[in-house]
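Listed here are the chains, written in short residue letters.
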Amino acid sequence: MLVSLRIKNIALIDQLEVSFEDGLNVLTGETGAGKSVVIGAIGIALGGRFDRTLLREESEDGLVEVLFTMEPSVRKRILEAGVLPGDLLETDELLITRKLTKNRVVNRINGETVPLGCLKSTAELLINLHAQHEQTTLLKPARHMEILDASDEAVMKQKQTVRGYYREVQELEQRLQSLDLDPGERAKQMDFLEFQIREIRDAKLIQGEDEDLEILFRKLSHAEELTAICQEVSQLTGDDTPAGCGTLISRAVKRIRDMSRYEETTELPGQLAEVESLLSDFNQSLSDYLREITFDPEELRRVTERLDLLNGLKAKYGRTLDEVLAAADRLEEELAVLQQAEEEKDRLQTELEEKKASLASAADRLTGLRKKAAKPLAEQVTAALEGMNFSHVEFYVALDRLQEISGDGQDEVVFMLSTNLGEEAKPLHRVASGGELSRVMLALKATLSDAADTPTLVFDEIDVGISGVTAQRIGQLLKKLASTRQLLVITHLPQIAAMGDAAYRIDKEVSGEKTYTMIEPLDAEGRVEELARLLGGDRITESILQSARELLENSQ
């Protein structure tokens with residue numbers, strides 16, 4: 001169940017924290033007090049849109065946080081769904097936090113950052129939110145199929161099978177279409193592919209060749225500069241001149257050896273001898289390197305042309321020679337497909353017919369499962385509607401066969417409704433009034449929540465267009481639903497408000513030059529006063545207060 005809600009810096013809410021109870025929680029308040037803001041904040045916590053336009057103060061961060069407790073069965077469903085790692089579900093509490101800071105939304109579950117999709121998938125196993133005016137979606141027949149399918153697990157599973165076959169059919173049709181070229185166009189493509197393959201293969205590429213050539217190119221193109229440097233260094237370090245390092249160190253070695261006449265234990269002569277040996281080795285290597293430096297214009301031209309060829313291929317086919325060689329392999333595969341286009345088309349056509357047959361069979365099975373699921377759904381919705389003051393209601397689910405198969409199968413699903421004795425049932429979207437739509441949506445929600453076993457249901461003004469006895473009946477239905485799960489209900493009707501196990505008043509408060517939305521749990525006397533307000537408006541008399549007390553006592 002939803003234990004608590006915390007909101008910071010959203011719309012008219014500066015700081016708000018409220019705890020909820022098990023059973024039926026009713027929320028009331030004047031129009032414009034911010035009731036829908038509270039429900040909207042719950043929607044944000046469950047993964048809804050969250051951007052800076054929703055913030056009270058643009059310069060500050062926004063926060064929505066909801067805390068749930070989970071029954072073992074709920075934790076098991078979350079684990080089986082694989083949407084959260086097990087280490088985040090070690091206790092019976094689950095905390096969902098969404099924080100907007102610097103145009104970035106951070107999503108956390110039990111303190112760990114999670115992707116938005118993970119948060120949504122987890123939340124939908126814990127709570128179902130019926131937003132204000134959602135019943136208008138019943139005017140769209142496409143929604144009827146979604147509702148029917150959601151009422152039966154076998155239907156949902158078969159629907160995924162149909163969608164899998166449908167995707168495979170589409171992919172095969174696209175591949176066939178790509179091969180459906182006229183002979184002239186195919187010949188052009190083949191010629192171009194052969195040219196590209198030949199251009200790469202004729203180059204006889206060697207992995208790493210370009211890097212070696214770059215080094216050789218720099219050496220050949222700067223041969224004169226390298227020669228001058230080596231000659232100067234040879235003069236500075238050699239023993240061909242009196243001022244060369246080699247000459248000077250040789251003299252130093254001879255001189256330092258005279259130390260042995262007076263000091264036999266010193267290591268200095270040996271160390272200097274090592275320097276002389278190292279310098280001699282260096283000058284030998286320098287001499288060898290200098291002999292290798294040659295300026296060969298023909299060699300430079302050959303290296304330059306080869307590098308130009310390799311760089312041109314890399315510009316066309318890839319950043320490295322490995323990528324160029326991989327491109328050649330890919331082009332050869334494309335050429336092979338075109339060369340064998342007719343054979344490939346025949347193979348794909350055969351596979352397509354097989355997949356279409358599988359799709360048709362799966363769609364037929366889906367139709368059968370939908371027909372099977374339609375009857376109990378209609379019976380449960382009808383029973384719920386009868387309990388909401390529909391005395392002569394007829395509700396059933398009509399399935400019509402379509403010409404084409406889609407990812408949803410081959411059915412059109414339409415809810416049929418008649419609310420008057422002797423009146424033929426017609427499509428729901430053609431006959432239902434606003435109040436009737438509210439009741440049908442509530443009946444469907446009650447039925448689907450039983451199927452999904454959702455722990456918490458939230459209804460935002462499900463009672464639009466309803467009054468009198470019907471309001472009383474809806475309150476009784478909500479009370480019955482709340483016996484097995486937690487409900488949060490925003491209402492403007494006293495008959496429904498009186499049914500609550502816990503009650504809250506949402507109000508606006510002006511402080512300074514700012515307006516704030518507040519939410520207050522109501523005690524027994526507070527509930528009487530709120531019911532009196534709903535019954536009598538601004539002018540509350542003792543008789544209205546007495547009526548409120550009687551309504552509360554009778555409802556409880």
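Right above here is the structure, for reference.
A brief look at the structure comes next. (Residues numbered from 1 in each chain as written. Predicted model: local features only at pLDDT ≥ 70, side-chain atom pairs only at ≥ 80, totals over all residues. Heavy atoms only, no water.)

It is worth spelling out the pattern of salt bridges at this point. Counted according to the given criterion, the structure contains 30 salt bridges. A salt bridge links E344 to R175; its shortest N-O distance comes to 3.6 Å. Placement of E344 in helix 13 (residues 341-386) and of R175 in helix 5 (residues 153-179) is noted, with a sequence separation of 169 residues between them. Its relative accessible area of 39% is what places R175 among the partly exposed residues. Of the charged contacts, one joins R505 and D507 as a salt bridge, the two residues approaching to 3.3 Å between their closest N and O atoms. (Salt bridge = Lys/Arg side-chain N within 4 Å of Asp/Glu carboxyl O. Helix = DSSP H or I, 4+ residues; strand = E, 2+ residues; numbered from the N terminus. Buried < 20%, exposed > 50% of the residue type's maximum accessible area, 1.4 Å probe, protein only.)

Attention shifts here to helix 12 (residues 321-339). Here helix 12 is 19 residues long and its end C-alpha atoms lie 27 Å apart, about the 27 Å a rise of 1.5 Å per residue gives. Every buried residue of helix 12 is listed here: L321, V324, A327, A328, L331, L335 and L338. When helix 12 is viewed along its axis, its buried side chains cluster within an angular range of 105 degrees and face the same direction. Considering only its buried residues, helix 12 is in contact with helix 6 (183-201), helix 7 (209-221), helix 11 (297-317) and helix 13. (Expected span 1.5 Å × (residues − 1). Arc of directions from axis to C-beta. Contact = heavy atoms within 4.5 Å.)

A grouping of K8, K99, R104 and R108 is seen on the molecular surface, where their side chains present a positively charged patch. Take R104: it is sitting in strand 6 (residues 104-109). Judged by relative accessible area, R104 falls into the exposed class, the value being 53%. (Patch = residues over 30% accessible without salt bridge, like charges linked within 9 Å, V, L, I, M, F, W, Y side chains within 5 Å. Areas by Shrake-Rupley, 256 points an atom, 1.4 Å probe, with all protein chains shown as cover. Lys, Arg positive; Asp, Glu negative; His and termini not counted. Charge placed at Lys NZ, Arg CZ, Asp CG, Glu CD.)

This next bit is on unusual backbone geometry. Across residues other than glycine, the phi torsion is negative in most instances, and most of the peptide bonds are trans. With a phi angle near 50 degrees, N110 is a residue other than glycine that sits in the positive phi range. By the element assignment, N110 lies in the loop between strand 6 and strand 7 (112-113). Residue classification places N110 among the partly exposed residues on the basis of a relative accessible area of 28%. Positive phi outside glycine occurs at K204, with the angle close to 50 degrees. The exposure class assigned to K204 is exposed, which follows from its relative accessible area of 63%.

With that out of the way, let us pick up the sheet that holds strand 14 (residues 502-511). Pairing is mixed in the open sheet, where six strands are placed in the order 8-12-13-3-14-15. Edge strands, defined here as strands with exactly one partner in the open sheet, are strand 8 (127-130) and strand 15 (514-521). The mean inter-strand angle of the sheet, taken between neighbouring strand axes irrespective of direction, is 15 degrees. In this structure, strand 14 lies alongside strand 15, joined through eight bridges in antiparallel fashion. (Pairing = 2+ DSSP bridges. Axes fitted to C-alpha atoms, helices over the stretch in contact; angles between N-to-C directions.)

A separate point is the nonpolar core. One finds L385, F395, L478 and L487 to be the most contacted residues of the largest nonpolar core, which totals 59 residues. At 13 residues, helix 13 tops the list of elements feeding residues into this core. With 46 residues, the next largest nonpolar core counts I7, A41, M70 and I96 among its residues. (Core = buried A, V, L, I, M, F, W, Y, C linked by side-chain atoms within 4.5 Å.)

The subject of this paragraph is the environment of L84. With respect to the element layout, L84 can be found in the loop between helix 2 (72-81) and strand 5 (93-101). When its relative accessible area of 5% is taken as the criterion, L84 is described as buried. Leaving out residues up to four positions away in the same chain, L84 has contacts with I78, L79, L89, L94, I109, V114, C118 and T122.

A few words now on helix 2. The complete set of buried residues in helix 2 reads V74, R75 and I78. Relative to the axis of helix 2, the buried residues are bounded by an arc of 100 degrees and lie together on one face. In this structure, helix 2 carries P72, K76 and E80 as exposed residues pointing more than 90 degrees from its buried face. Residues of helix 2 that are buried make contact with strand 5 and helix 3 (116-123).

On to the packing of helix 9 (residues 245-256) against helix 10 (residues 268-292). At a minimum axis separation of 10 Å, helix 9 and helix 10 run at an interaxial angle of 160 degrees. With respect to each other, helix 9 and helix 10 are oriented roughly antiparallel. In this structure, helix 9 crosses over helix 10, and the sense of that crossing is left-handed. Counting all contacts with helix 9, which are made through C245, G246, I249, S250, A252, V253 and I256, the residues of helix 10 involved are L268, P269, L272, A273, V275, E276 and L279. Looking at the contact of helix 9 with helix 10 residue by residue, the classes come out as eleven nonpolar, two polar and one charged. (Parallel < 35°, antiparallel > 145°, perpendicular 65-115°, else oblique. Left-handed = near helix turned anticlockwise from the far one by under 90°. Nonpolar A, V, L, I, M, F, W, Y, C, P; charged D, E, K, R; others polar.)

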